Amino acid sequence: MEGNQLPCQASYMRNALFNQGYLDDQFLQLEDLQDEANPHFVEEVVKLFYSDSARLIRNIELTLENTPSDFEKLDNIMHQYKGSSSSIGAKKVKKECTQFQEYCEVENIDGCLRTFQEVKQEHASLKRKLENYFQLVREAR
(Lines give C-alpha, C1' and ligand atoms only; values in the text may rest on other atoms or scores of the structure.)
Protein backbone atom coordinates (compact mmCIF):
# COMPACT_ATOMS: atom_id res chain seq x y z
CA MET A 1 0.00 0.00 0.00
CA GLU A 2 2.77 2.45 0.94
CA GLY A 3 4.52 1.82 -2.37
CA ASN A 4 1.41 2.98 -4.19
CA GLN A 5 1.30 6.18 -2.14
CA LEU A 6 4.87 7.24 -2.91
CA PRO A 7 4.22 8.36 -6.50
CA CYS A 8 1.22 10.38 -5.27
CA GLN A 9 3.31 11.95 -2.52
CA ALA A 10 6.05 12.82 -5.02
CA SER A 11 3.50 14.38 -7.34
CA TYR A 12 1.96 16.35 -4.48
CA MET A 13 5.40 17.58 -3.36
CA ARG A 14 6.31 18.59 -6.92
CA ASN A 15 3.05 20.51 -7.34
CA ALA A 16 3.64 22.26 -4.01
CA LEU A 17 7.03 23.50 -5.28
CA PHE A 18 5.22 25.20 -8.16
CA ASN A 19 2.25 26.42 -6.12
CA GLN A 20 4.55 27.95 -3.48
CA GLY A 21 6.52 29.76 -6.18
CA TYR A 22 9.80 27.88 -5.80
CA LEU A 23 9.83 26.58 -9.39
CA ASP A 24 8.69 27.86 -12.78
CA ASP A 25 8.08 26.36 -16.21
CA GLN A 26 11.79 25.91 -16.91
CA PHE A 27 11.76 22.97 -14.50
CA LEU A 28 9.00 21.40 -16.63
CA GLN A 29 11.18 21.82 -19.70
CA LEU A 30 14.00 19.97 -17.92
CA GLU A 31 11.59 17.19 -17.06
CA ASP A 32 10.61 16.95 -20.72
CA LEU A 33 14.25 16.17 -21.54
CA GLN A 34 14.34 13.27 -19.10
CA ASP A 35 13.68 9.81 -20.53
CA GLU A 36 14.28 6.12 -19.86
CA ALA A 37 17.84 6.39 -21.15
CA ASN A 38 18.61 9.06 -18.55
CA PRO A 39 16.01 8.72 -15.76
CA HIS A 40 17.93 10.99 -13.35
CA PHE A 41 18.57 13.82 -15.79
CA VAL A 42 16.75 16.53 -13.84
CA GLU A 43 18.37 15.53 -10.55
CA GLU A 44 21.81 15.56 -12.18
CA VAL A 45 21.23 19.03 -13.67
CA VAL A 46 20.07 20.32 -10.28
CA LYS A 47 23.15 18.82 -8.59
CA LEU A 48 25.37 20.58 -11.14
CA PHE A 49 23.53 23.82 -10.40
CA TYR A 50 24.19 23.49 -6.68
CA SER A 51 27.82 22.63 -7.24
CA ASP A 52 28.34 25.65 -9.51
CA SER A 53 26.23 27.98 -7.39
CA ALA A 54 28.31 27.22 -4.27
CA ARG A 55 31.33 28.59 -6.15
CA LEU A 56 29.42 31.69 -7.29
CA ILE A 57 28.07 32.35 -3.78
CA ARG A 58 31.60 32.11 -2.40
CA ASN A 59 32.83 34.56 -5.06
CA ILE A 60 30.09 37.01 -4.10
CA GLU A 61 30.99 36.67 -0.41
CA LEU A 62 34.64 37.38 -1.16
CA THR A 63 33.75 40.36 -3.35
CA LEU A 64 31.43 41.78 -0.68
CA GLU A 65 34.35 41.77 1.76
CA ASN A 66 36.30 44.21 -0.43
CA THR A 67 36.25 47.93 0.26
CA PRO A 68 35.34 49.91 -1.72
CA SER A 69 32.64 47.68 -3.13
CA ASP A 70 33.07 46.54 -6.72
CA PHE A 71 29.43 46.74 -7.83
CA GLU A 72 30.25 45.85 -11.43
CA LYS A 73 31.96 42.63 -10.36
CA LEU A 74 29.12 41.81 -7.94
CA ASP A 75 26.58 42.36 -10.70
CA ASN A 76 28.53 40.16 -13.12
CA ILE A 77 28.78 37.28 -10.67
CA MET A 78 25.13 37.61 -9.71
CA HIS A 79 24.23 37.68 -13.41
CA GLN A 80 25.92 34.26 -13.80
CA TYR A 81 24.15 32.95 -10.72
CA LYS A 82 20.80 34.28 -11.91
CA GLY A 83 21.30 32.57 -15.27
CA SER A 84 22.07 29.28 -13.58
CA SER A 85 19.02 29.68 -11.36
CA SER A 86 16.84 30.37 -14.38
CA SER A 87 18.13 27.24 -16.12
CA ILE A 88 16.61 24.98 -13.46
CA GLY A 89 13.49 27.09 -12.91
CA ALA A 90 14.47 28.39 -9.45
CA LYS A 91 11.86 31.16 -9.45
CA LYS A 92 12.32 32.59 -5.93
CA VAL A 93 16.11 32.48 -6.18
CA LYS A 94 15.97 34.29 -9.54
CA LYS A 95 13.70 36.97 -8.06
CA GLU A 96 16.19 37.68 -5.25
CA CYS A 97 19.06 37.77 -7.75
CA THR A 98 17.21 40.43 -9.73
CA GLN A 99 16.73 42.49 -6.56
CA PHE A 100 20.44 42.17 -5.75
CA GLN A 101 21.34 43.39 -9.24
CA GLU A 102 19.04 46.38 -8.83
CA TYR A 103 20.91 47.33 -5.65
CA CYS A 104 24.21 46.93 -7.52
CA GLU A 105 22.95 49.28 -10.21
CA VAL A 106 22.38 52.07 -7.66
CA GLU A 107 25.49 51.07 -5.65
CA ASN A 108 23.54 50.35 -2.47
CA ILE A 109 25.82 48.07 -0.45
CA ASP A 110 23.35 47.71 2.43
CA GLY A 111 20.67 46.57 -0.02
CA CYS A 112 23.14 44.16 -1.60
CA LEU A 113 24.08 42.68 1.78
CA ARG A 114 20.43 42.28 2.85
CA THR A 115 19.34 40.80 -0.45
CA PHE A 116 22.34 38.46 -0.60
CA GLN A 117 21.16 36.93 2.68
CA GLU A 118 17.76 36.39 1.03
CA VAL A 119 19.44 34.82 -2.01
CA LYS A 120 21.30 32.38 0.22
CA GLN A 121 18.16 31.62 2.25
CA GLU A 122 16.07 30.89 -0.87
CA HIS A 123 18.95 28.86 -2.31
CA ALA A 124 19.18 26.70 0.82
CA SER A 125 15.41 26.33 1.13
CA LEU A 126 15.02 25.17 -2.46
CA LYS A 127 17.96 22.81 -2.10
CA ARG A 128 16.34 21.11 0.92
CA LYS A 129 12.99 20.88 -0.82
CA LEU A 130 14.44 19.46 -4.02
CA GLU A 131 16.60 16.96 -2.13
CA ASN A 132 13.47 15.72 -0.34
CA TYR A 133 11.55 15.62 -3.62
CA PHE A 134 14.25 13.65 -5.48
CA GLN A 135 14.57 11.24 -2.54
CA LEU A 136 10.84 10.58 -2.69
CA VAL A 137 11.00 10.12 -6.49
CA ARG A 138 13.79 7.55 -6.11
CA GLU A 139 11.80 5.67 -3.47
CA ALA A 140 8.70 5.72 -5.68
CA ARG A 141 10.50 4.00 -8.59
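Conventions we followed
- Residues numbered from 1 in each chain as written.
- Predicted model: local features only at pLDDT ≥ 70, side-chain atom pairs only at ≥ 80, totals over all residues.
- Heavy atoms only, no water.
- Salt bridge = Lys/Arg side-chain N within 4 Å of Asp/Glu carboxyl O.
- Helix = DSSP H or I, 4+ residues; strand = E, 2+ residues; numbered from the N terminus.
- UniProt positions renumbered as here; feature names shortened; annotations may be inferred.
- pLDDT = per-residue confidence, 0-100.

**What about the pattern of salt bridges?**
Okay, step 1: Evaluated as defined, the whole model comprises eight salt bridges.
Okay, step 2: Between Lys 47 and Glu 43 there is a salt bridge, and its shortest N-O distance comes to 3.8 Å. Of this pair, Lys 47 and Glu 43 both sit in helix α3 (residues 41–65), four residues apart, roughly one helical turn.
Okay, step 3: Counted as one network, the salt bridges with shared partners bring together Glu 43, Lys 47 and Arg 138.

**A look at the UniProt feature "domain: HPt" (unreviewed entry) in the protein**
Okay, step 1: Taken from the UniProt record, the annotation "domain: HPt" (unreviewed entry) applies to residues 38–141.
Okay, step 2: Across residues 38–141, the secondary structure splits into 87% helix and 0% strand, with the terminal C-alpha atoms separated by 14 Å.

**Side note on the confidence of the model for the protein**
Okay, step 1: Summarising the model, the protein shows a mean pLDDT of 94, and 98% of its residues fall at 70 or more.
Okay, step 2: The element-level mean pLDDT for the protein is lowest in helix α1 (residues 2–19), coming to 87, with helix α5 (residues 91–105) highest at 98.

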